[in-house]
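Coordinates in review
So you can see what is in the structure, the chains are spelled out below.
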Amino acid sequence: MRERDSELDELFSDPQDLEVVHLLRSARPAAPPLDPHFRSYLRGKLIAEARRTLPARPRRPWFGIAPMPAMAAVAATFVLVLGYELYQRGQAPAAPAPIRVTAQVDRTNAAPAEPIRLQFSGAVDRTAVEESIVIQPATQYTTRWEGQTLVVIPLHQLAASTTYTVALLPAPASTPHPSATAAPAPTPAPTPVVVRFVTAPAPPPPVTPPAFASANITFIGDSRLADAGTFGVATWTGDGQIMATRPALNGRPSARPSASSTPSGTPAATAPAAAPVTGKAMDLWLMSPSGKFVRPLATDVLYPAAAPQDGTVAFWHPAGDRYALMETTTGDLAGQANQLAIVTGPPSAPPVWLGADRIAYVDAGQLHVVDLLGNPVPLAAPIPVSGAAAPSLDGHRLAVQTPAGAAVYDLTSGRSTALPEGATAFSWSPKGDLAFAVQNPTGSALFVLGATELKPHAVASSAAGELWSNFNWSPDAVSLLFTSRSGSPASGTSSVALLVDAAGSTPRPFGGRPYETLQWSPDGRLVLLTRRDETGQAALWVATLKVGTLSDVERAQQEALAVVKTFMDARLANDSATASQQLSAAGTAAYQQAGLALLSPGSPRFERWYPVTVQLIDKDSFLIGVRIVQARDKVETGFYEEHLTVARHDQTFLIDGVQPSAPVSLSAGGPAVVSVEVRQEGAGQRILVHFDSDLAVDTVNQTAIVIRDGNDVPQHVLDLSYDQQTHLVTLRTKLAPGSYKLVVTTSLQDVNGKSLAQDYSAPLVITG
């Protein structure tokens, strides 16, 4: 008889279902055996689909809780003292014993990507505890155990300035069977364990995007993220987090199976800042910008390579005496990985993303391309590869070292353009410009081949004996970071970082430290880099940048925000005099006409506030929306918004007007808008709407999110997209200057099927 399958037995508990399962298990397939990697992939897919579609089983009791004393909070730690009873299948309950549950999370300033840790002082039924977790707002998550500590790990970044609740809701303990001689005693519902925390606020968006010309960049400082030997490669993800490999831990995390079956990955934009890759398989993790390994993504990974966007990663995975090319996404909750190709020899380089839907790899000196289903994609002409290969971000062109020399291939037409002899260190800008170095006996020269140019042009040259490499473009394709190393053996292995304008300038030092690899963050405010420590191994660092001096508009925005902060802080502190000083005569009249109280009315009272939107009206006035969260007995019950017109009066800003919104109750649950940004892009705009929940993708559409003009007429939206990683909906529009409003309707739902509590509306100001 074949061995029983615990996963199938758990999914199909009905006797008739089990009978069919056992018949299928005992049947012998007539077809030849499948490839083991496809078998594990198919099994993972079927199990994940069954878990998604089968009715949820009642939660198992994990402990019954005696009356709970008051919660004590010291700094960032909650301690709950509980009485409990531990239940196991087929056994009588153990005697109640006290247990301490310590929840470690910053109560008022939690990092959006940090896990929530619940430490149990005694043994509990781990499966039952995991089944009892409820997170609000709706958040997809995974879990792992570290000893007696349950680590709850959100699969996406949490929304900024949002109160989250993590509750353990154990089911009541089982009562005796009705055939028992004694009448069953009623079982009281256990008291839930509840942890509440508020995520850190997001910085207000800049009204005018800064330029990254090297003359405008100032190095502020750096901090160490990971010690040498604790990571392999590291690179930015598209949402500003970090994907990093690390040596396998003792005991694999249960949240993610091995890469050969069902791992998950995460995205990045360009080549990684990395220690030298040794070819040893490691585990792939998501790391926060503060240097914490947040959650595992895949195991036994070689050479991960992230797509330029949309949360997809490819990597090599050892498979016996062969190597499998795998692809996965962070949005796949079941952790599925697709096997796309198999090679016999060990790979020496990462796979290469061609846009977001094709992956290239080298096998036996030839370039091969597959789509995300593993289907071969024919090339217009064969491409032999003898060294580095780097694709443009759109995937249409490829810079590659071939046995005949370096060249750029047009992957659509098959035509190639030869590059100067010795070309290396390829790097493509977001605009399609190619930077590379040409090494010669006297030093290095930096060349740039423009997106529309036929021949490259020289940008800068090194001093004699200097070797340039590791080029990395700024997000706006204006400047380049790179490293310079002396070719003299007497200089050792130390290198320095340099910064240069791609239009042509003299390179200048960056940071003044011996950095080796550099990569700009997607927003251009940070640089991920490596630096050798006293052992000679590379440690991971992050540098902070200040981009240029503030423009007149940026200085005005800071002054206006400072007035709003003084105004709102005074209201929360019941300081009527200070709050009134921030109002002009028109502002005072506007509050009186709207019937708004400056100070907290009582119960519910003002608990906290944060900015929702900052929009430029003109160089001397802004529309700043603030959300006022209300609470009873420190438990938040609802919120409303005030959209303030802040204008310059002589040398200072004052609040001239207010547009209040309808109050929203938090008791109904469902998703909520966190912030709204308007970004002017040429003749059009991008309107960014941030939510606090993981949204149901099929409800995110132009019926649920609408832009209306002053006459309530819906406006045409060119494109609407949703980024699940960041809870961000982006609307691309081309609106004429004027006043509009953004409307989010109750047809929008979160992943739990809960709708928006009520229609949400926010004013939009479109300037020229």
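Please refer to the structure higher up on the page.
Residues numbered from 1 in each chain as written. Predicted model: local features only at pLDDT ≥ 70, side-chain atom pairs only at ≥ 80, totals over all residues. Heavy atoms only, no water.

Turning next to the overall build of the chain. Per the secondary structure count, the chain includes 7 helices and 48 strands. Buried residues in the chain amount to 48% of all 768 residues. For the chain, the proportion of contacts with a sequence separation of at least 24, taken over those separated by at least 6, is 56%. Working note: accessible area of the chain is about 35,300 Å², and carbon and sulfur atoms make up 54% of it. (Helix = DSSP H or I, 4+ residues; strand = E, 2+ residues; numbered from the N terminus. Buried < 20%, exposed > 50% of the residue type's maximum accessible area, 1.4 Å probe, protein only. Contact = heavy atoms within 4.5 Å. Areas by Shrake-Rupley, 256 points an atom, 1.4 Å probe, with all protein chains shown as cover.)

A sheet is described by the order of its strands in space; here 4 strands give the open sequence β22-β23-β24-β25, paired in antiparallel fashion. Of all strands in the sheet, those bounded by a partner on one side alone are β22 (389-391) and β25 (416-418). The average angle at which neighbouring strand axes cross in this sheet is 20°, direction not considered. Across 3 bridges, strand β24 (residues 405-410) lies against β25 in antiparallel orientation. Bridging from a neighbouring strand, Y409 pairs with S416 of β25. (Pairing = 2+ DSSP bridges. Axes fitted to C-alpha atoms, helices over the stretch in contact; angles between N-to-C directions.)

Here the focus is the packing of aromatic side chains. One pass over the full model with this rule turns up 10 aromatic pairs. Here the aromatic rings of F120 and W145 are separated by 5.9 Å at their centres, their planes lie at 40°, and the arrangement is tilted. In this pair, F120 is assigned in strand β4 (residues 116-120) and W145 in strand β6 (residues 141-146), connecting sequence segments 25 residues apart. Like W145, F120 is buried. Between the aromatic rings of W285 and F293, the centroid separation amounts to 6.1 Å while the plane-to-plane angle is 80°, which identifies the pairing as edge-to-face. Its relative accessible area of 2% is what places W285 among the buried residues. An aromatic cluster of at least three residues, connected via ring pairs, comprises W468, F471 and F482. For the cation-ring pair, R246 lies above F293, with the distance from its terminal atom to the ring centre recorded as 4.0 Å. (Phe/Tyr/Trp six-rings, centres within 6.5 Å; stacked < 30°, edge-to-face > 60°. Lys NZ or Arg CZ within 6 Å of the ring centre and 35° of its normal.)

Residues G587, A590 and Y591 constitute the buried set of helix α7 (residues 585-594). Projected onto a plane normal to the axis of α7, the buried residues spread over an arc of 95° and lie on a single side. Opposite the buried face of α7, at more than 90 degrees from it, the exposed residues are A585, Q592 and Q593. Close packing links the buried residues of α7 with α5 (552-572), β39 (635-649) and β40 (652-660). At the exit of α7 stands G595, carrying a positive phi of roughly 70°. (Arc of directions from axis to C-beta.)

Now for the pattern of salt bridges. Under the counting rule described, the total for this entry stands at 21 salt bridges. The partner of E516 in a salt bridge is R485, and the shortest N-O contact between them spans 4.0 Å. Here the residue E516 occupies a position in strand β34 (residues 515-520), and R485 occupies one in strand β31 (residues 479-486), the gap between them amounting to 31 residues. E642 is the salt-bridge partner of R571, the closest N and O atoms lying 2.7 Å from each other. Of this pair, R571 sits in helix α5 while E642 sits in strand β39, and the two are 71 residues apart along the sequence. An identical accessibility class is assigned to R571 and E642; each is buried. Here the salt bridges share partners, and the residues they tie into one network are E559, K619, D620 and R648. (Salt bridge = Lys/Arg side-chain N within 4 Å of Asp/Glu carboxyl O.)

A word on α5. With 21 residues, α5 should cover 30 Å at 1.5 Å per step; its first-to-last C-alpha distance of 31 Å lies within 8% of that length. Looking at the buried residues of α5, the elements they touch are α6 (576-581), α7, β37 (605-618), β38 (621-632), β39 and β40. Where α5 terminates, the next one or two residues include N574, which has phi positive at roughly 60°. (Expected span 1.5 Å × (residues − 1).)

What follows concerns unusual backbone geometry. For the peptide bond that leads from Q136 to P137, omega is -5°, which places it in the cis range. As for its placement among the helices and strands, P137 is situated in the loop between β5 (133-136) and β6. Its identity is not glycine, yet K634 carries a phi of approximately 70°, on the positive side. On the secondary structure map, K634 appears in the loop between β38 and β39.

Judged by pairing direction, the sheet is antiparallel, and its 4 strands sit side by side in the order β30-β31-β32-β33 without closing on themselves. The strands lining the two open edges of the sheet, one partner per strand, are β30 (466-473) and β33 (508-509). Direction of pairing for β30 relative to β31: antiparallel, over a ladder of 6 bridges. Within β31, the residue paired with L467 across the bridge is R485.

It is worth spelling out the nonpolar core at this point. I705 and V729 are the most contacted members of the largest nonpolar core, which has 53 residues in total. Sorting elements by how many residues they give to this core places strand β48 (residues 760-766) first, with 4 residues. Once residues within four sequence positions are removed from consideration, I705 is found in contact with F691, V700, L720, V729, L731, L742, V743 and V744. One finds A556, A579, V626 and I655 within the second-largest nonpolar core, a separate group that totals 27 residues. (Core = buried A, V, L, I, M, F, W, Y, C linked by side-chain atoms within 4.5 Å.)

As a further point, take the pairing of strand β36 (residues 538-547). With 8 of its 10 residues buried, β36 lies for the most part within the structure. The pairing of strand β10 (residues 217-226) with β36 spans 8 bridges and is classified as antiparallel. Across the sheet, residue F219 finds its bridge partner in β36, namely L545. Across 7 bridges, the pairing between strand β35 (residues 526-532) and β36 is antiparallel.

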